[in-house]
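Given next are the chains, with one letter for each unit.
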Amino acid sequence: MSSKHTFVNPFHRPHCLAAAAPAGKAKLTHPGKAILAGGIAGGIEICITFPTEYVKTQLQLDEKANPPRYKGIVDCVKQTVDGHGVRGLYRGLSSLVYGSIPKAAVRFGVFEFLSNKMRDESGKLNSTRGLLCGLGAGVAEAVVVVCPMETVKVKFIHDQCSAKPMYRGFFHGVREIIRTEGLRGTYQGLTATVLKQGSNQAIRFYVMTSLRNWYKGDNPNKAINPLVTGAFGAIAGAASVFGNTPLDVIKTRMQGLEAQKYKSTVDCAIKIMKYEGPRAFYKGTVPRLGRVCMDVAIVFIIYEEVVKVLNKVWMTD
């Protein structure tokens, strides 16, 4: 009996060690893989969620003093479809597609680069460091991609509200903006954008890191089902919406066609509070909540799945 026991143990022990070995240290994601996977995820996500972004921006630009054109989300969609057809809900999509791919690429690339430097000896990233890495990723994407992209997008959407639209397409719009306002015309609201994106990604990666660590427990390489990743992403997205919608409203105003009436980011905030009240800072929250939860869930799911594929075809240490 004892000999049988002695025979069985050596057979199973290597198997147990093999299974336990990956749990010793988390696998790191190469920044190059993160850039590629992030770009793919960003491009797919924006094509799915753009109509809600369009409605959110329209409602934020619809200031009370004008007076407002829209009674709410449904009315905004109805007026847009009646006036421009369903394609009207995708006006400005090209500027976001051109921007979303490099935006997500920069975000995930910088996050993985920073997080690889900040993990402990077991390869684990704690929540606080996840927040700092997210902050760095958000600031990087704001300066490199988001500010010029968002400025062009907001001007496109605002342009549609005018009686005689000036822009015929993405490249024509960019040329016109640079011709009339210079390169600075594509960097309106930079401070607000850096604050918004920095806090956005800090909150999202903090929540994602916390939820992942909780789910994985003592095994940093425990596989996460895509649906679970999506749920975590939606929670992270919701947290970021409630955390920085006021900054998003200020950023949108600073990038609109009437941005010249604001002297600075602080002046914009003061005027919104003075003339429209504190509720104006949460304009467009509902459509933004729906879009961001879907956005973050989709991006993280696609990102994680693409990284899994890249790990099989692109070997890195």
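Being a predicted model, the structure only gives us computed values, none of them experimental.

Peer 1: I keep staring at the pattern of salt bridges and nothing clicks. Help me out?
Peer 2: Side-chain pairs of opposite charge can arise where the charged atoms are in close proximity. By the definition in use, this model includes eight salt bridges. Across the salt bridge formed by E141 and R107, the nearest N and O atoms sit 2.9 Å from each other. One end of the pair, E141, is in helix 5 (residues 127-161); the other, R107, is in helix 4 (residues 93-118), with 34 residues separating them in the sequence. R107 carries the same exposure label as E141, and that label is buried. Where E305 meets K308, a salt bridge forms, and the shortest distance between an N and an O atom there is 3.0 Å. Here K308 and E305 lie together in helix 10 (residues 285-313), a separation of three residues that amounts to about one turn.

Peer 1: Would you mind going over the packing of aromatic side chains with me for this structure?
Peer 2: What characterises a pair of aromatic rings is the spacing of the ring centres plus the angle enclosed by the ring planes. If you walk through the whole model with that rule in mind, you get eight aromatic pairs. Relative to F300, the ring of F108 lies with its centre 5.6 Å away and its plane at 85°, an arrangement referred to as edge-to-face. Linking F108 in helix 4 with F300 in helix 10, this pair joins segments that are 192 residues apart in sequence. With centroids separated by 3.9 Å and ring planes inclined at 15°, the aromatic side chains of F111 and F205 adopt a geometry described as stacked. A residue pair is termed long-range when its members are at least 10 positions apart, and F111 in helix 4 and F205 in helix 7 (residues 190-216) qualify at 94 residues. F205 carries the same exposure label as F111, and that label is buried. Here the aromatic residues F108, F111, F205, F300 and Y303 are joined through ring pairs into a cluster of three or more. Looking at K222, its charged tip hangs above the ring of Y215, at a distance of 4.5 Å from the centre.

Peer 1: Which parts of the structure should I look at to understand the nonpolar core?
Peer 2: One broad rule of soluble globular proteins: the nonpolar side chains tend to lie buried together. With 26 residues, the main nonpolar core has A37, F108, F111, F300 and Y303 as its most contacted residues. Within the residue set of this core, elements represented by two or more residues are helix 2 (31-61), helix 4, helix 5, helix 7, helix 8 (226-255) and helix 10. Tallying contributions element by element places helix 10 first for this core, with 10 residues. If near-sequence neighbours (up to four positions away) are discounted, A37 is found in contact with Y303, V306, V307 and L310.

Peer 1: Which parts of the structure should I look at to understand the environment of E141?
Peer 2: For E141, a relative accessible area of 0% corresponds to the buried category. In this structure the C-alpha to C-alpha distance between E141 and A26, which are 115 residues apart in sequence, comes to 26 Å. Excluding anything up to four places from it in sequence, E141 contacts K103, V106, R107, V146, Q197 and Q201.

Peer 1: Please clarify how the UniProt feature "repeat: Solcar" (unreviewed entry) in the protein chain should be interpreted in this entry.
Peer 2: In the UniProt entry, the feature "repeat: Solcar" (unreviewed entry) is given for residues 29-117, 128-214 and 224-309. End C-alpha atoms of residues 224-309 are separated by 15 Å, and the span's content is 78% helix alongside 0% strand.

Peer 1: Got a minute to help me understand the packing of helix 7 against helix 8 in this structure?
Peer 2: The geometry of helix 7 relative to helix 8 is characterised by a closest axis approach of 8 Å and an angle of 170° between their N-to-C directions. When the axis of helix 7 is compared with that of helix 8, the two are roughly antiparallel. When grouped by side-chain class, the residues that make up the contact of helix 7 with helix 8 number 15 nonpolar, 10 polar and five charged.

Peer 1: Whenever I open this one, the side chain of K56 confuses me. Can you help?
Peer 2: Among the structural elements, K56 can be located in helix 2. Here K56 falls in the buried class, since its relative accessible area comes to 1%. In this structure K56 touches D248, G284, P287 and R288, once residues within four positions along its chain are discounted.

Peer 1: I tried to follow the packing of helix 7 against helix 10 on my own but got confused; where do I start?
Peer 2: Helix-helix packing is characterised by the crossing angle of the two axes and by the distance between the axes. Two elements in contact, helix 7 and helix 10, have axes separated by 13 Å at closest approach and are oriented at 60°. Comparing the axis directions of helix 7 and helix 10 gives the class oblique. Here helix 7 and helix 10 pass one another in a crossing that is right-handed. On helix 10, the residues touching K196, N200, R204, F205, M208 and R212 of helix 7 are R288, V292, V296, F300 and E304. Of the residues belonging to the contact of helix 7 with helix 10, the class tally is five nonpolar, one polar and five charged.

Peer 1: Is there a simple way to think about the state of the cysteines in this case?
Peer 2: By definition, a disulfide links the sulfur atoms of two cysteines through a covalent bond. Applying the stated rule across the entire model yields zero disulfides. Not engaged in a disulfide, the cysteine C268 finds its nearest cysteine sulfur in C147; these two sulfurs lie 13 Å apart. Using a relative accessible area of 0% as the deciding quantity, one classes C268 as buried. Cysteine C293 remains unbridged, with the sulfur of C76 as its closest cysteine sulfur at 20 Å.

Peer 1: Is there a simple way to think about the side chain of T151 in this case?
Peer 2: Within the element layout of this structure, T151 appears in helix 5. For T151, a relative accessible area of 0% puts it in the buried group. Ignoring sequence-local partners within four residues, the contact set of T151 consists of G185, T186, Y187, Q188 and Q255.

Quick notes on the rules
Residues numbered from 1 in each chain as written. Predicted model: local features only at pLDDT ≥ 70, side-chain atom pairs only at ≥ 80, totals over all residues. Heavy atoms only, no water. Salt bridge = Lys/Arg side-chain N within 4 Å of Asp/Glu carboxyl O. Helix = DSSP H or I, 4+ residues; strand = E, 2+ residues; numbered from the N terminus. Buried < 20%, exposed > 50% of the residue type's maximum accessible area, 1.4 Å probe, protein only. Phe/Tyr/Trp six-rings, centres within 6.5 Å; stacked < 30°, edge-to-face > 60°. Lys NZ or Arg CZ within 6 Å of the ring centre and 35° of its normal. Core = buried A, V, L, I, M, F, W, Y, C linked by side-chain atoms within 4.5 Å. Contact = heavy atoms within 4.5 Å. UniProt positions renumbered as here; feature names shortened; annotations may be inferred. Axes fitted to C-alpha atoms, helices over the stretch in contact; angles between N-to-C directions. Parallel < 35°, antiparallel > 145°, perpendicular 65-115°, else oblique. Nonpolar A, V, L, I, M, F, W, Y, C, P; charged D, E, K, R; others polar. Left-handed = near helix turned anticlockwise from the far one by under 90°. Disulfide = S-S within 2.5 Å.

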